[in-house]
Amino acid sequence: MIKPEISICIVTYKAKDLLRDCIHSLSENTHLAYEIIVVDNGSNDNVDLMLKSEFPSVHFIQNPSNLGYTFPMN
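Calculation notes
- Residues numbered from 1 in each chain as written.
- Predicted model: local features only at pLDDT ≥ 70, side-chain atom pairs only at ≥ 80, totals over all residues.
- Heavy atoms only, no water.
- Salt bridge = Lys/Arg side-chain N within 4 Å of Asp/Glu carboxyl O.
- Helix = DSSP H or I, 4+ residues; strand = E, 2+ residues; numbered from the N terminus.
- Buried < 20%, exposed > 50% of the residue type's maximum accessible area, 1.4 Å probe, protein only.
- Core = buried A, V, L, I, M, F, W, Y, C linked by side-chain atoms within 4.5 Å.
- Contact = heavy atoms within 4.5 Å.

Participant: Explanation requested: the pattern of salt bridges in the structure shown.
Facilitator: It is possible for side chains of opposite charge to pair when their charged atoms get near one another. This model, assessed by the stated rule, comprises two salt bridges. As a salt-bridge pair, Asp17 and Arg20 come within 2.9 Å of each other at their nearest N and O atoms. Of this pair, Asp17 and Arg20 are both found in helix H1 (residues 16-29), three residues apart, which corresponds to roughly one turn of the helix. Assessed through its relative accessible area of 49%, Asp17 is described here as partly exposed. A salt bridge links Glu54 to Arg20, with the shortest nitrogen-to-oxygen separation between them at 2.9 Å. Residue Glu54 is found in helix H2 (residues 47-54), and its partner Arg20 is found in helix H1; the two are separated by 34 residues along the sequence. Taking relative accessible area as the criterion, Glu54 reaches 37% and is therefore assigned partly exposed. Sharing partners across several salt bridges, the network here consists of Asp17, Arg20 and Glu54.

Participant: In this structure, what is going on with the nonpolar core? I would like to understand it.
Facilitator: Looking at soluble globular proteins, one finds that nonpolar side chains tend to be buried together. Within the largest apolar cluster, twelve residues are counted, these being Ile8, Ile10, Leu19, Ile23, Leu26, Ile36, Val38, Val47, Met50, Leu51, Phe55 and Val58. Counting only elements with at least two residues in this core, the list comes to strand E1 (6-12), H1, strand E2 (34-41) and H2. Those residues in contact with Phe55 that sit more than four places away from it in its chain are Arg20, Ile23, His24 and Met50.

Shown next, in the form of structure tokens:
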């Protein structure tokens, strides 16, 4: 396993399709070893299933409700 040079943290809320586009863009345009950490703020759009099936290497944290931006980033 390659040690990541950077960690990319993404906070999302009901934005599954935008998140998919974002991750595709990262994979096409990032030339460093990286890891992606997605924190979802209680969405009900099956973002967890999309990440598991399309991006299994993404680290995923599911919050039970919308906790804003600052809490998930910490």
